[in-house]
Amino acid sequence: MKNRDLAYNAGAAHPSLLARTFSAVAVTVLCFRKGNGVYYEKQWICRWNGGLLKRILRIAANGIAQSIWPLAALVCVTMGPVFITVVGQCMGGVFMLFGGFYAGDEMHRLGVCVEGIEELEEMSGTILVGKVEENETADERMAGAVENNTENTIETREYRDVVYDTLSEAQKFDLYLPETGEGPFPLIMFIHGGGWFAGDKTDGQERAWVTLREKGYAVASINYRLSGETPHPAGIIDCKTALRCLKAHADEYHIDAERIAVSGDSSGGHYALMAALTPGNPDFEDLARGNPEQSSDVACAVAWYPATDLAETMRTVREGEYTGFGADFAWSNIERYAGKKIEDVNDDVLVSASPIQYVTEDMPPVLLQHGNADTICPIGQSQRIYQKMVETAGEDRVEFDVLDGAEHGDADFETAENLERIVQFLKQCGL
């Protein structure tokens, strides 16, 4: 089946230009509501059934999709992400329809995805999502979609830019629920990396974790105040505020407040460990920021190439052993994080911000993963905290995987094999 023939199949063509134009205006709410495109990955489409409006939309979209699609697809792919005004979004919707779902193929390669379908649901009834088989008839597809709809009663499975505090625009999270099932789902709260001063909840670091929806996990990707805005301990306080918020709204979000893991990479791995190892610590938690009745306990933590001993990092920089980004970068990064000039940063400041200082015998289970070719955050950071965890809490509380030849941020961490390894760890921890 050709890509352009994957447009919304009406079962027949409709000659009315007016109907097609009407359809373009209506469906634009879905197509470019957030400046994104339609993600169907060659076999996933949205479809709906019943009602005059819905029939018009189906028929019109099918007809339009088979006209001038190459040019429209190009316009859609190149211009879609910059449609930020209402008028622009409407134009984007028209372009998307003229391009049909051929453009979806290109947008998938660029990582552009649809963000939600709530508005179109309100306009035209229940939207059903399902796979399109090569020789499946329209009636068979619709029957399968109706069957799927009876199984899924959760109306919203993605929440974007949920505000968990009001001190900063940064204090938001995105929540992704499994596409099937009713919950309550175990939750993974992911914390992005970026040296404490950069990164974002949607910059791609979260993608591998979001795929674990397929394994039955809800995934929250959070933002927090970066060190350029507010220095330590603001970042870790934000992580815990987000965690308490998620717990407080567990019923609303169909998640299990008792089965929450925290994960992160690089500086996000540092925060994940800090969150797991310091529950209730007033130095890193401000209950006045909301939901004080909720604890910040987690069931377990997964940290990819984390910074665990900042005082040791400073020592290696001072003695010329650090070969990552260079001494100047390291100095400025530590200055931003600590909120002090480098001459005023002493070991006490760095020690208090290091996960290795908070290892206890009753710590939650931890999985550490680090590449032995990492020069940005050398593997010694994980080796040291692993050794202390074994000595303090025992071998049954910590696991340490060395990824041979892997560098900082290496794709090896995101392979299907490694993600399955993480799932097995989560299951061992009751998630």
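Remember, predicted model here, so these are calculated numbers, not experimental data. (Residues numbered from 1 in each chain as written. Predicted model: local features only at pLDDT ≥ 70, side-chain atom pairs only at ≥ 80, totals over all residues. Heavy atoms only, no water.)

A. Highlighting the overall build of the protein chain. Counting its regular elements, the protein chain contains 16 helices and ten strands. When burial is assessed residue by residue, the protein chain has 52% of its 431 residues classed as buried. Taking contacts inside the protein chain between residues at least 6 apart in sequence as the whole, the part at least 24 apart equals 79%. (Helix = DSSP H or I, 4+ residues; strand = E, 2+ residues; numbered from the N terminus. Buried < 20%, exposed > 50% of the residue type's maximum accessible area, 1.4 Å probe, protein only. Contact = heavy atoms within 4.5 Å.)

B. The nonpolar core, seen in detail. In this structure, Phe173, Leu175, Met189, Ile191 and Val262 are the most contacted members of the largest nonpolar core, which totals 61 residues. Of the residues forming this core, the biggest block, seven residues, is contributed by helix α11 (residues 267-277). If sequence neighbours within four positions are ignored, isoleucine 191 has contacts with Ile222, Tyr224, Cys239, Val262, Ser263, Gly264, Asp265, Gly268, Tyr271 and Ala272. Counting 25 residues, the second-largest nonpolar core is a separate cluster that includes Ile188, Val302, Trp304 and Phe413. (Core = buried A, V, L, I, M, F, W, Y, C linked by side-chain atoms within 4.5 Å.)

C. Inspection of the packing of aromatic side chains at higher detail. Summed over the entire model, instances satisfying the criterion amount to eleven aromatic pairs. On the numbers, 4.5 Å between centres and 35° between planes, the contact of tryptophan 196 with tyrosine 337 is tilted. With tryptophan 196 in the loop between β5 (185-191) and α8 (207-210) and tyrosine 337 in helix α13 (residues 327-338), the pair connects residues that are 141 residues apart, well separated along the chain. Accessibility classification places tryptophan 196 together with tyrosine 337 in one group, the buried group. Seen in terms of ring centroids, tyrosine 305 and phenylalanine 413 are 4.8 Å apart; in terms of plane orientation they differ by 75°. Their pairing is edge-to-face. Taken as a pair, tyrosine 305 in the loop between β8 (300-304) and α12 (310-318) and phenylalanine 413 in the loop between β10 (398-403) and α16 (416-428) lie far apart in primary sequence, 108 residues in all. Classification of tyrosine 305 as buried rests on a relative accessible area of 5%. Looking at phenylalanine 413, the relative accessible area reads 1%, which means it is buried. (Phe/Tyr/Trp six-rings, centres within 6.5 Å; stacked < 30°, edge-to-face > 60°.)

D. Quick peek at the confidence of the model for the protein chain. Confidence in the prediction of the protein chain, expressed as mean pLDDT, is 75, and 64% of residues score 70 or more. Counting interchain partners and residues more than four positions distant, the pLDDT-below-50 stretch residues 80-90 has 16 contacts. (pLDDT = per-residue confidence, 0-100.)

E. View of the environment of alanine 220. Within the secondary structure, alanine 220 sits in strand β6 (residues 218-222). Sequence spacing of alanine 220 and isoleucine 188 is 32 residues, and the spatial spacing of their C-alpha atoms is 6.2 Å. Contacts of alanine 220, omitting those with residues within four sequence positions, involve Asp174, Leu175, Leu187, Ile188, Met189, Phe190 and Leu246.

F. Expanded view of the sheet that holds β5. Taking strand neighbours across the sheet as the criterion, the eight strands line up as β3-β4-β6-β5-β7-β8-β9-β10 in an open arrangement whose pairing is mixed. A strand with exactly one partner marks an edge of an open sheet, and here the two such strands are β3 (158-163) and β10. Averaged over all pairs of adjacent strands, the angle between their axes in this sheet comes to 20°, without regard to strand direction. Sitting on the sheet, α11 touches β5, β7 (255-265), β8 and β9 (366-371), and the angle it makes with β7 is about 140°. (Pairing = 2+ DSSP bridges. Axes fitted to C-alpha atoms, helices over the stretch in contact; angles between N-to-C directions.)

G. Representation of α11. Among the eleven residues in α11, eleven count as buried, and that is most of the element. Along α11, the positions that sit buried rather than exposed are Ser267, Gly268, Gly269, His270, Tyr271, Ala272, Leu273, Met274, Ala275, Ala276 and Leu277.

H. Spatial organisation of the side chain of serine 221. Tracing the backbone through its elements, the reader meets serine 221 in strand β6. A polar contact is formed between the side chain of serine 221 and the backbone oxygen of lysine 201, at a distance of 2.8 Å. (Polar contact = N/O pair within 3.5 Å; in protein donor to acceptor, adjacent residues only side chain to side chain.)

I. Summary view of the pairing of β5. Across the seven residues that make up β5, a large majority, seven, are buried. Pairing of β5 with β7, which is carried by six bridges, proceeds in the parallel orientation. Bridge assignment links isoleucine 191 to a residue of β7, and that residue is glycine 264. Here β5 pairs with β6 via five bridges, running parallel. Within β6, the residue paired with phenylalanine 190 across the bridge is serine 221.

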